[in-house]
Each structure stands twice: as C-alpha cells, then as structure tokens.
Amino acid sequence: MGLARTLSYIRQRRAGIPDEIERQHAYLRLEMDILTPHMERPLDGARALDIGCGQMLPMLIGLTAEGCKATGIDLDPYLPGKHLANFARRRREEGVARAASQGLRNVLVDEAVGRGLALKLGARVNIRALDVRVMDVGKLDFEDGTFDLMTSMAVFEHIADMPGALGEIHRTLKPRGVACLHAHLFPSYTGGHNRDMLNAAGQPIESSVVPWDHLRGNSHPAPAYLNKYRMADFRRFIEESPLALEAWHAHPPGEGDEARLTPEIEQELSAKGFTRDDLLTTSLHIVVRKP
C-alpha cells in the first residue's frame, strides 16, 4: 500500500474499533464457554498456550484476565512493545512498505482494541507485557508437559502438517491437559477467506463475488495458505492422533448462507464431492485431552 492508502485504511480501522472490541469479545466468550467445562483445575494460575495469537491477541488477553500464565505463538505475531523487532522481521520478509503499514496498524488499532477488550473484561492487562513468541505449532520450543490448556481461534484451517501439530500439542500438554481448537471450514460460504476481506493484491473484494467462489471460479484467491480440509478430515486427524476427543461442536451456517445455496449451486458443488453439510457448516470447535 502507498502512504495515502495506508493512512486511509488506518482511519477506517480506528473508526471501527468499538465494533471490533465487541466482535473479539464475542469470539472470546464463545471460546471460553466451550473450554471451561472441560477444565479439571482452576484457570487462575494455569499455564496456557494460545496457538496463532495473531495481531490483536484476544485469547491471550482473555486468558491473562482469567489469571492464567499465558503465552501466545504465531508465525507472524505482533510482539507487544517490540516495535523495532517487529519492523525488522517484517522488513526482511515483506519489505519496508508492508512493515511500516503493519506497524502503524499494530500501534494505532490493535493495541487500542486490546486495551478496550481488557477494559470490557474488567481486568488490568498490560498489553505490552504479554508473552508473545514467533513459533510454529509443528515445532513447539517448550518442554514436554508444559501446559494445562491450549486454545486456538481460526487457525487450524491454515496448518499444513496436521499430524505434526497434534503431536506437538500432545507432547507439550500436561497429562489430563485440554486443548480447544477452532477451525474455519474451507467448504463453507466464508471458507475461502474472501468475504469482507482484501484479496491477495490488497484491493477490496467487490460485493458481486459469486457465492462459494473459492470452490468454483476462485476469482478472489485467499491472501493466506488454506489446507482445504473438511469436517471429515479433521475428525480423521483427531482420531488418528494420541489425543482423546472430548467435544465436537459444528457451528451452523451464517445468516443468509442457506438462501445463497441455490439448487443449481448445490448440484454443481455436489458433483465436485461437497455435501450440503460441508457447504453449510461454518466452523468447528474441537476439544481434546491428553490422556
């Protein structure tokens, strides 16, 4: 992005901060409502890992607010308070312009959302003191049996080596430790990561994009790697892992998705092997335990 476009983008994002705080709070509450019934020890004092903590760090903030000793990992995280380190890493990987744009967003938008989320939770959380590390879930740099719990929000659709990731989760969980893993399903209406998002060229996606474009013409390729797994794939990976499946939550279609799935589109995608459940299940929450 050029400077003018970057500043315009930042202004738009800042105007949307109150809505973003509400959205992140809703995601956080859903995650915690699914996770906490499976905890066999109090959250206060528990050692926690958030996999794929991202830029706004909502789960890391939420876990810290609950009293957890929490760490967040991501391949491209925002390292709070380490602006020069963030800029240097991104400059090497993506160039100066991208590094500067992302740095402005982190300081002017993401930290503001984080502070607002902590305030909404009624907790004192020092955003810049959070423990965030650059790390791959398939190669966790932690000792065996480190964590009481793990979370991940909209991450597992981006993981290429699922057996490796599940193996590392099993290794680094304590016995009887639990993990709540969320995946945005690829065959769903939003599974192509192209609704209300930017395309790979950084241009806004027109509202005329056809339903389930990513399974059809794919005229708006995703700006990130997607493993394209379906519900059946995730269940198979879990069943083949050393982890025990405790809960399986399949979330229903988004508002209007069933109306978008016309008989013609359903027939076209059925011929490609996608079932109606594939197309209308938005995401999964999977709770697993280390025996």
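You'll find the structure just up there.
Residues numbered from 1 in each chain as written. Predicted model: local features only at pLDDT ≥ 70, side-chain atom pairs only at ≥ 80, totals over all residues. Heavy atoms only, no water.

Asks: Help me out: how do you make sense of the pattern of salt bridges in this one?
Replies: Opposite charge on two side chains lets them pair, provided their charged atoms get close. Counted by the stated rule, this structure contains 18 salt bridges. One salt bridge in this structure joins Glu111 and Arg128, with 3.1 Å as the shortest N-O distance. With Glu111 in helix α5 (residues 96–120) and Arg128 in the loop between α5 and β3 (131–134), this pair connects stretches of sequence that are 17 residues apart. Exposure remark for Arg128: the relative accessible area of 45% places this residue in the partly exposed category. The shortest N-O distance in the salt bridge between Glu266 and Arg276 comes to 2.8 Å. Remark: Arg276 occurs in helix α10 (residues 276–280) and Glu266 occurs in helix α9 (residues 263–270); sequence separation between them is 10 residues. When its relative accessible area of 36% is taken as the criterion, Arg276 is described as partly exposed. In the salt-bridge network here, residues are joined through shared partners; they are Glu40, Arg176, Glu246 and Arg289. (Salt bridge = Lys/Arg side-chain N within 4 Å of Asp/Glu carboxyl O. Helix = DSSP H or I, 4+ residues; strand = E, 2+ residues; numbered from the N terminus. Buried < 20%, exposed > 50% of the residue type's maximum accessible area, 1.4 Å probe, protein only.)

Asks: Mind showing me how you'd approach the state of the cysteines here?
Replies: By definition, a disulfide links two cysteine residues through a covalent bond between their sulfur atoms. Throughout the structure, instances matching the rule amount to 0 disulfides. Take Cys68: it sits in no disulfide, and the sulfur closest to it among the cysteines is that of Cys180, at 13 Å. On the accessibility criterion, Cys68 (7% relative accessible area) is buried. (Disulfide = S-S within 2.5 Å.)

Asks: When you look at the environment of Gly16 in this model, what are you seeing that I'm missing?
Replies: Here Gly16 shows up in the loop between α1 (3–15) and α2 (17–35). Counting along the chain gives 218 residues from Gly16 to Phe234, while the straight-line C-alpha distance between them is 34 Å.

Asks: Explain the environment of Ala46 here, please?
Replies: Position of Ala46 relative to the elements: it lies in the loop between α2 and β1 (47–51). Residue Ala46 is classed as buried on the basis of its relative accessible area, which comes to 0%. For the pair Ala46 and Val210, spaced 164 residues apart in sequence, the C-alpha to C-alpha distance is 46 Å. Setting aside residues no more than four positions away along its own chain, Ala46 makes contact with Arg41, Gly67, Cys68, Lys69, Asp148 and Leu149. (Contact = heavy atoms within 4.5 Å.)

Function cannot be read off these values alone, since they describe shape.
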